[in-house]
Structures are given as C-alpha cells and as structure tokens.
Amino acid sequence: MQAELEDRFQEFVRARWSRLVRTAYLLTGDVHHAEDLTQTALAKAYRSWRRISRSDNPEAYVRRMLVSCNSDRFRKRRVTEALTAAPPERAGRDEATGRVDERGSLMAGLARLPKKQRAVVVLRYWEDLSEAEVAQVLGCSPGTVKSQASKGLAKLRTYPGLAPSRTVSGQAQGGSR
C-alpha cells in the first residue's frame, strides 16, 4: 500500500511540478527561491499525502501550502526580498517571445505589490482561480480577495511599462467590475 501511495505522489509531482514552480516564482520573484519553496511545500505534502490525496483537489491543497511556506519564509527568517526588475533569461524561447518586455514589466510590477496583494493577483488572474477558491487558498473571505485584487490591479495599472490599453483577465482599464 505504501508503494502505491508513493507512486501516486510521484505522479502528482511529475504532472504539476512546472505549474507549482511557476506559481512560486510569481510569489517570490526568484527562480531559485521558487524551486526551494516548491520543494518545501512538496516535502510537507509528502508527509501528509495519504490525507491530501483523498481531498477533492490535492493541487489546491499544495498551492495553499506554497502560499503558507512563502509567508513562513518572512516570519521565521525576516528575509528581505531582492527582486529583480526583469525575470532571468530562459534557455529556450516559447510562443510568447514577442512579449518578453511586457512580461518583464509585469514581473517588476508584481514584485512591488505587497505579498498579500501579489498572492491574490497571481492566484486569481495567473492561476485563474475563482474568488472563492482564492479565499480558500489564502484563508480569508471572498470580500478580502476582491478588495486585494482591486488594489493590486490598480497599482499594476500605474506601473511604468505596462501598457494602459491592455486588459487584465477580460477587464478593460477603467471599466466596471
């Protein structure tokens, strides 16, 4: 039975590693911190995998662990963030090659948001979670998610380098919510 449980955990990690690291990167702004954060969250998940794997959505559970581990990083070590203005260069090119400058501006804008606003914006608009799902992941009310998202998006709209004519998840600038 233990071998089967370990196999399911390994399958989960293989299937979701890239997505979890990407989420962690958006939370930390550093690829090395993101990988460390993902490994920490997965190590904790491994210890409780029997219980986590029975939940309706193990990925959401592990995503919540990512956010918690990132918050713990600040509480325990009083880490100061040294986020860069642009993401590190990638070895290969993907389909969004023409948007590198815009992506760099977005990453720099995200880096300037307070960590709660950054977590809400990343989970809501990058991970495309509903307000209720984000509230569950962050352990807060949907109203808090709405207000933090609104404040975060407002700050991002004022960040230099982000095109004012762009939309964020279908919401036009200055449009009604």
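As shown above, the structure is provided for reference.
Since the model is a prediction, treat every value here as computed from it, not as a measurement.

> Teacher, can you tell me more about the overall build of the protein chain here?
Each helix and strand counted, the protein chain has 8 helices and 0 strands in total. Of the regular secondary structure in the protein chain, the N- to C-terminal order runs α-α-α-α-α-α-α-α. Expressed as a percentage of contacts within the protein chain between residues at least 6 apart in sequence, the contacts between residues at least 24 apart total 63%. With the model as given, the accessible surface of the protein chain reaches about 10,600 Å², and the carbon-plus-sulfur share is 49%.

> Just checking my understanding: could you explain unusual backbone geometry for this structure?
In this model, Asp 128 sits at a positive phi of 60°, which is unusual for a non-glycine residue. Within the fold, Asp 128 resides in the loop between α6 (115–126) and α7 (131–138).

> I would appreciate a short explanation of the side chain of Gln 148 in the present structure.
As for its position among the elements, Gln 148 is in helix α8 (residues 142–157). With sequence-adjacent residues up to four places away left out, Gln 148 is seen in contact with Lys 116, Gln 117 and Val 120.

> Any chance you could explain the packing of aromatic side chains here in plain terms?
Think of a pair of aromatic rings as described by two things: how far the centres are apart, and how the planes are tilted against each other in angle. On inspection of all chains with the given rule, the structure shows 3 aromatic pairs. Relative to Tyr 46, the ring of Phe 9 has its centre 5.2 Å away and its plane inclined at 65°; by these criteria the two rings are edge-to-face. Of this pair, Phe 9 sits in helix α1 (residues 2–28) while Tyr 46 is found in helix α2 (residues 31–47), placing the two residues 37 residues apart along the sequence. For Phe 9, a relative accessible area of 10% corresponds to the buried category.

> Mind showing me how you'd approach the nonpolar core here?
Core analysis: the biggest nonpolar cluster contains 27 residues, and Phe 12, Leu 42 and Leu 110 have the highest contact counts within it. Mapped onto this core, the elements with two or more residues apiece are α1, α2, α3 (49–53), α4 (58–77), α5 (100–112), α6 and α8. Per element, the largest residue contribution to this core is 9 residues, and it comes from α1. If near-sequence neighbours (up to four positions away) are discounted, Leu 42 is found in contact with Phe 9, Phe 12, Val 13, Trp 17, Leu 20 and Val 62. Core analysis: the next-biggest nonpolar cluster, separate from the first, contains 13 residues, Ala 119, Val 120, Cys 140 and Ala 149 among them.

Reading the values: rules and limits
- Along each chain, the written sequence defines residue order, and numbers are assigned to residues from 1.
- Residue-level local features of this predicted model are given only where pLDDT is at least 70; pairs of side-chain atoms are given and counted only at 80 or more, and the full residue set underlies all totals for whole chains, interfaces and linings.
- Values reported for side chains reflect all heavy atoms of the structure, with hydrogen atoms and water molecules removed beforehand.
- Helix numbering and strand numbering both begin at the N terminus, where a helix is a DSSP run of H or I of at least 4 residues and a strand a DSSP run of E of at least 2.
- Throughout, a residue-residue contact means that at least one pair of heavy atoms, one from each residue, lies within 4.5 Å.
- Only the protein chains shown count as cover for residues, and the accessible areas themselves come from Shrake-Rupley with a 1.4 Å probe.
- Two rings belonging to Phe, Tyr or Trp (six-membered ring only in the last case) form a pair when the distance between their centres is within 6.5 Å. Interplanar angles under 30 degrees mark stacking, angles over 60 mark edge-to-face geometry, and anything in between is tilted.
- Categorising residues by exposure relies on relative accessible area from a 1.4 Å probe, with only protein chains included: less than 20% of the type maximum marks a residue as buried, more than 50% marks it as exposed, and the intermediate range marks it as partly exposed.
- Only buried Ala, Val, Leu, Ile, Met, Phe, Trp, Tyr and Cys residues count toward a nonpolar core, and they belong to the same one when joined by side-chain atoms within 4.5 Å.

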